[in-house]
2 protein chains.
Amino acid sequence: MKKKAIVNDTEVCQLRMQAISDTMSILSGKWKFHIIGTLIEGNKLGFMDLLREVKGIGSKMLSKELQDLELNHLVSRTVQDTKPITVQYALTEYGETLSPLIDELAKWGIEYRQSIYKSKSV
Amino acid sequence: MKKKAIVNDTEVCQLRMQAISDTMSILSGKWKFHIIGTLIEGNKLGFMDLLREVKGIGSKMLSKELQDLELNHLVSRTVQDTKPITVQYALTEYGETLSPLIDELAKWGIEYRQSIYKSKSV
DNA sequence: CAGGGTGCTTTCATATAGGAAACTACTTCC
DNA sequence: GGAAGTAGTTTCCTATATGAAAGCACCCTG
């Protein structure tokens with residue numbers, strides 16, 4: 001009796017897995033969700049704003065991650081012709097489609113904390 | 001005129017960011033979403049099944065990731081008292097609460113592919 | 001008793017990510 | 001002129017993640 005678990009073999013599953021990989025590779029790294037989350041709240045922010053808001057990030061990482069996000073059209077970078085030149089980072093319309101995903105992420109994280117709290121008090 | 005972008009300063013935002021960090025640290029790495037995704041489809045799978053289903057993973061990584069997931073009570077490991085000893089990995093009830101998140105991840109990834117396809121054909 | 005299957009662990013090596021600090025360049029305020 | 005702010009880049013270093021391959025222990029089948 002050969003019992004092979006042929007689970008992933010349907011096209012739908014393959015596509016699903018591919019899709020998960022795609023999403024995660026675009027949003028990989030320690031900071032992207034933070035940056036996007038901050039931009040969701042802050043709408044339009046300058047480089048130094050983000051450096052302050054995203055706790056712990058350094059300028060190198062911030063710069064690199066913003067470039068990644070810009071390449072994938074999730075974030076827009078607009079140079080403002082102001083007194084000291086400033087740059088505005090904002091989510092693109094497309095970047096905003098990440099909101100439900102980030103909401104789920106946050107929701108799950110909050111419930112996770114609660115479940116730990118509960119299991120400790122039992 | 002001091003214009004400081006005080007965006008993240010509300011408790012709600014801090015909690016939200018914390019929650020995102022929590023979720024991502026639990027599900028960090030290249031393979032966890034794949035493993036969980038596969039377990040969602042496959043219900044109960046043995047080690048060798050997973051090794052086959054999760055394309056590209058090696059036994060070391062699989063072992064390590066499964067231990068991580070078990071520690072966080074997302075996956076259960078049950079040794080079966082069968083002829084050649086077998087082990088069953090399955091999502092716990094708690095692990096199944098990740099389904100909506102994984103669905104969002106997959107959904108976004110699929111739409112991402114479609115948006116690339118569209119932008120190329122324009 | 002050899003081959004193959006299950007379920008891992010160990011070792012060795014490399015790749016990538018991430019961080020600290022210094023530096024550039026330009027401007028404006030005091 | 002010097003300090004400070006904006007927006008980064010560059011260099012150097014370390015930690016962590018990942019990978020390939022082999023080994024181990026146990027059992028069954030031929």
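Residues numbered from 1 in each chain as written. Chains lettered and ligands numbered in written order. Predicted model: local features only at pLDDT ≥ 70, side-chain atom pairs only at ≥ 80, totals over all residues. Heavy atoms only, no water.

Draft legend 1. Representation of the overall build of chain A in the model. The helix and strand tally for chain A stands at five helices and three strands. Mapped in sequence order, the helices and strands of chain A form the string α-α-β-α-α-β-β-α. Scaling as 2.2 N^0.38, a compact globule of 122 residues should have a C-alpha radius of gyration of about 14 Å, whereas chain A reaches 19 Å, well beyond that. Its C-alpha atoms put chain A at 75 × 45 × 25 Å along the principal axes. Per-residue burial over chain A gives 41% buried out of 122 residues. Partitioning the intrachain contacts of chain A with sequence separation of at least 6 by distance along the chain shows that 46% fall at a separation of at least 24. When the accessible surface of chain A is summed, it comes to about 7400 Å², and 54% of that surface belongs to carbon and sulfur atoms. Distance between charge centres in chain A, computed from 17 positive and 15 negative side chains, equals 10 Å. (Helix = DSSP H or I, 4+ residues; strand = E, 2+ residues; numbered from the N terminus. Rg over C-alpha atoms; globule rule 2.2 N^0.38 Å. Buried < 20%, exposed > 50% of the residue type's maximum accessible area, 1.4 Å probe, protein only. Contact = heavy atoms within 4.5 Å. Areas by Shrake-Rupley, 256 points an atom, 1.4 Å probe, with all protein chains shown as cover. Lys, Arg positive; Asp, Glu negative; His and termini not counted. Charge placed at Lys NZ, Arg CZ, Asp CG, Glu CD.)

Draft legend 2. Broad picture of the sheet that holds strand β3 (residues 86-91) of chain A. Residue and element names in this part refer to chain A. The sheet built from three strands is open, its strands ordered β1-β3-β2 with antiparallel pairing. The outermost strands of the open sheet, each flanked by one partner alone, are β1 (44-45) and β2 (75-80). The pairing of β2 with β3 spans six bridges and is antiparallel. In the strand pairing of β3, Thr 78 is matched with Gln 88. Each of β1, β2 and β3 touches helix α2 (residues 32-42); the most contacted strand, β3, lies at about 95° to it. (Pairing = 2+ DSSP bridges. Axes fitted to C-alpha atoms, helices over the stretch in contact; angles between N-to-C directions.)

Draft legend 3. Geometry of the sheet that holds strand β3 (residues 86-91) of chain B. All names here are of chain B. The antiparallel open sheet is built from three strands, whose spatial order is β1-β3-β2. Since the sheet does not close on itself, it has two edges, and those belong to β1 (44-45) and β2 (75-80), each with one partner. As paired elements, β1 and β3 share two bridges and run antiparallel to each other. What sits directly across from Leu 45, in β3, is Tyr 89. Contacting β1, β2 and β3, helix α2 (residues 32-42) runs over the sheet at an angle of about 95° to β3.

Draft legend 4. Up close: the nonpolar core. Among the nonpolar cores identified, the biggest contains 58 residues, and A:Ile35 and B:Ile35 are the most heavily contacted of them. Sequence-distant contacts of A:Ile35, defined by excluding residues within four places in its chain, comprise A:Val54, A:Ile57, A:Leu62, A:Glu65, A:Leu66 and A:Leu69. (Core = buried A, V, L, I, M, F, W, Y, C linked by side-chain atoms within 4.5 Å.)

Draft legend 5. Representation of the packing of aromatic side chains. For the structure on display, the rule yields six aromatic pairs over all chains. Ring geometry for B:Trp108 and B:Tyr112: centres 5.5 Å apart, planes at 20°, overall stacked. Taken together, the residues B:Trp108 and B:Tyr112, both in helix α5 (residues 99-121) and four residues apart, mark about one turn of the helix. Overall, the relative accessible area of 14% leaves B:Tyr112 in the buried class. Connected via pairs of aromatic rings, a cluster forms that spans A:Tyr94, B:Trp108 and B:Tyr112. (Phe/Tyr/Trp six-rings, centres within 6.5 Å; stacked < 30°, edge-to-face > 60°.)

Draft legend 6. A look at the protein's contact with DNA strand D. Taken together, the neighbourhood of DNA strand D is formed by 19 residues, with A:Ser63, A:Arg77, A:Val87, B:Lys30 and B:Lys60 sitting nearest. Considering the 4 Å shell around the protein, atoms of DNA strand D inside it are sugar or phosphate in 65% of instances. Take A:Ser63: an N or O atom from its side chain is 2.3 Å from a phosphate oxygen of DNA strand D. Put simply, the parts of the chain that give the surface near DNA strand D at least two residues each are α3 (47-53), α4 (59-71) and β3 of chain A together with α4 (59-71) of chain B. For the surface near DNA strand D, the residue count by class is seven nonpolar, six polar and six charged. (Near = heavy atom within 4 Å. Polar contact = N/O pair within 3.5 Å; in protein donor to acceptor, adjacent residues only side chain to side chain. Nonpolar A, V, L, I, M, F, W, Y, C, P; charged D, E, K, R; others polar.)

Draft legend 7. Representation of the packing of α2(A) against helix α1 (residues 11-26) of chain B in the model. Put simply, α2(A) and α1(B) touch, their axes get as near as 10 Å, and they point 155° apart. The orientation of α2(A) relative to α1(B) falls into the category roughly antiparallel. Relative to α1(B), α2(A) is oriented so that their crossing is right-handed. On the side of α2(A), the interface is formed by A:Phe33, A:His34, A:Gly37, A:Thr38, A:Ile40 and A:Glu41, while α1(B) contributes B:Cys13, B:Arg16, B:Met17, B:Ile20, B:Ser21 and B:Met24. A breakdown of the residues in the contact of α2(A) with α1(B) according to their chemical character gives six nonpolar, four polar and two charged. (Parallel < 35°, antiparallel > 145°, perpendicular 65-115°, else oblique. Left-handed = near helix turned anticlockwise from the far one by under 90°.)

The quantities given are spatial measurements derived from coordinates; they are silent on function.
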